[in-house]
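Fold and contact review
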Amino acid sequence: MKFINELRKNQDLLALLSAACDVEILPKSKAPENEFGYLTYNIPGTTFAQAGSGSEYIFLEDGSVGYWGSEGACGRIADSLHDFFEFIIHCPYWQDYLCEEVYQDKEELREFAKENFESLKESFKSDGFDLSEAQQKLADYLGLEKKVDVADILMRFYDCTKREPRFIQTYTENDGSSHSGTGSLFDR
C-alpha cells in the first residue's frame, strides 16, 4: 500500500489514470462497500480505488486485488498490485474483455484484445484523447513495460479470476436469507 500512498501525491497521474482507465485512486483507503451491513465478503480487505460507476477495487489481505461491482459482480481481478496496474493500463475498461470463450485459444484472445483496444482507442481519439500516449505515460511512471500484445496479461487475469479461494460476496436479506456470487468475474 506504500506505493498507493505515493501515487496519491501525483494529481496529474491520478487524473490520467482516471481518464484512460476509469480507475480513481481514493484519497484515503476505506472499508469495502457493505450495503448498510447486508453485504459481506469471504476475504477481508481495504478499498483503495473505485470506478466512475462506484464499483470498488479492494486490496485483499492475501495481497491480491478484488473487485466489487455496483451491479453485483465480485471477484479477484489481480494477484498483486503490480499485476493490477499492468492489467488496467494495458486493458483499460477491462469489462470489455469478459468474453470467456476467447480465452480458450491464445491467438483468438490476441485478436480479440487487439480489436477491443483499437475500438476504444478510436473512441478516445474522437474526443481528442491519445490513449496510447496516456498508457505510455502511466507505464513509465509505474515502471511497467508498455506491451502491444496483451494476451499474456489477459491470461494472468483469467487465471486469477478462477483460482481458489475465490473472492465472494454474500448479501443477507431482511428475512435472514442470503445469496452469494460465484466469485468469478466471468459469471455474469
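On a predicted model such as this, the values are computed, not experimentally measured, just so you know. (Residues numbered from 1 in each chain as written. Predicted model: local features only at pLDDT ≥ 70, side-chain atom pairs only at ≥ 80, totals over all residues. Heavy atoms only, no water.)

Quick look at the pattern of salt bridges
Operational definition: Whenever a carboxyl oxygen of Asp or Glu lies within 4 Å of a side-chain nitrogen of Lys or Arg, that contact is scored as a salt bridge. Strands are runs of DSSP state E lasting at least 2 residues, helices are runs of H or I lasting at least 4, and numbering of each runs from the N terminus. In this scheme, a residue with accessible area under 20% of its type's maximum is buried, one over 50% is exposed, and one in between is partly exposed, where area comes from a 1.4 Å probe on protein chains only.
With the rule as written, the count across this model stands at 15 salt bridges. Between Arg156 and Glu86 there is a salt bridge, with its nearest N and O atoms 2.1 Å apart. Highlighted residues: Arg156 in helix H6 (residues 151-162) and Glu86 in helix H3 (residues 81-90), separated in sequence by 70 residues. Accessibility expressed as a relative area gives 34% for Arg156, which makes it partly exposed. For Lys106, the salt bridge goes to Asp152, with nearest N and O atoms at 2.3 Å. Of this pair, Lys106 sits in helix H4 (residues 106-126) while Asp152 sits in helix H6, and the two are 46 residues apart along the sequence. Residues joined by salt bridges that share partners form a network here, namely Asp62, Arg76, Asp79 and Arg163.

A few points about the packing of H4 against H6
Test applied: Angles run from 0 to 180 degrees between N-to-C directions of axes, and those axes are lines fitted to C-alpha atoms, restricted for helices to the stretch in contact. Oblique is the label for every angle not falling under 35 degrees (roughly parallel), over 145 degrees (roughly antiparallel), or within 65 to 115 degrees (roughly perpendicular). Pairs of residues are marked as contacts when any of their non-hydrogen atoms sit within 4.5 Å. Asp, Glu, Lys and Arg are counted as charged, while Ala, Val, Leu, Ile, Met, Phe, Trp, Tyr, Cys and Pro are counted as nonpolar; the rest, among them Gly, fall into the polar class.
Where H4 contacts H6, the two axes come as close as 9 Å, and the packing angle between them is 105 degrees. One element, H4, and the other, H6, form an angle in the roughly perpendicular class. Note on element contacts: H6 touches H4 through Ala151, Asp152, Leu154 and Met155, opposite Lys106, Leu109, Arg110 and Ala113. Grouping the amino acids of the contact of H4 with H6 by side-chain chemistry returns five nonpolar, no polar and three charged.

Some words on helix H2 (residues 11-21)
Inclusion rule: Think of the arc as the fan of directions from the helix axis to the C-beta atoms.
For H2, the full list of buried residues reads Leu13, Leu14, Leu16, Leu17, Ala20 and Cys21. End-on, the buried residues of H2 take up no more than an arc of 160 degrees, which puts them together on one face. Within H2, the exposed residues directed more than 90 degrees away from the buried face are Gln11 and Asp12. Of the surrounding elements, those touching the buried residues of H2 are helix H1 (2-7), strand S1 (24-30), H3, H4 and helix H5 (131-142). With its phi angle positive at about 55 degrees, Asp22 sits one or two positions after the end of H2.

Description of the sheet that holds strand S2 (residues 39-41)
Threshold: Only strands joined by at least two bridges in the DSSP assignment are considered to pair.
In space, the three strands of this open sheet follow the order S2-S7-S8, with antiparallel pairing throughout. Whereas interior strands pair on both sides, the edge strands pair on one side only; in this sheet they are S2 and strand S8 (178-180). Direction aside, the axes of adjacent strands within the sheet are offset by 20 degrees on average. Pairing of S2 with strand S7 (residues 169-172), which is carried by three bridges, proceeds in the antiparallel orientation. Within S7, the residue paired with Thr40 across the bridge is Thr170.

A look at the pairing of strand S5 (residues 65-68)
Side chains Val65 and Tyr67 project from S5 onto one buried face, and the interleaved Gly66 and Trp68 project onto a second face that is buried too. Bridge analysis of strand S4 (residues 56-60) against S5 gives four bridges, and the strand direction is antiparallel. Each residue of the ladder has a partner; that of Phe59, found in S5, is Val65. Connecting S4 to the next strand, S5, in antiparallel fashion are four residues, including Gly63 with a positive phi near 90 degrees. Joining the antiparallel neighbours S5 and strand S6 (residues 74-78) is a turn of five residues, in which Gly72 adopts a positive phi near 105 degrees.

Details of the packing of aromatic side chains
For any pair of aromatic rings, the description consists of the separation of the ring centres together with the inter-plane angle of the planes. Condition: Ring pairs are drawn from Phe, Tyr and Trp, using the six-membered ring of Trp, whenever the two centres fall within 6.5 Å, and their geometry is named by plane angle: stacked under 30 degrees, edge-to-face over 60, tilted for the rest. Charges are assigned to positions over rings by a cutoff of 6 Å between ring centre and Lys NZ or Arg CZ, combined with an angular limit of 35 degrees from the ring normal.
This model, assessed by the stated rule, comprises 17 aromatic pairs. Ring centres 4.8 Å apart and planes at 90 degrees place the aromatic pair Tyr67 and Trp94 in the edge-to-face group. Taken together, the residues Tyr67 in strand S5 and Trp94 in the loop between H3 and H4 connect sequence positions 27 residues apart. Each member of the pair Tyr67 and Trp94 is classed as buried. Ring centres of Tyr103 and Phe186 lie 5.1 Å apart, and the angle between their planes is 80 degrees; on these two criteria the pair is classed as edge-to-face. With Tyr103 in the loop between H3 and H4 and Phe186 in the segment after S8, this residue pair connects regions lying 83 residues apart in the sequence. Comparing Tyr103 with Phe186 shows no difference in burial state: the two are buried. Here the aromatic residues Phe48, Tyr57, Tyr67, Phe84, Phe85, Phe87, Trp94, Tyr103, Phe157, Tyr158 and Phe186 are joined through ring pairs into a cluster of three or more. The lysine or arginine in question, Lys146, covers the ring of Phe117, its NZ or CZ lying 5.8 Å from the ring centre.

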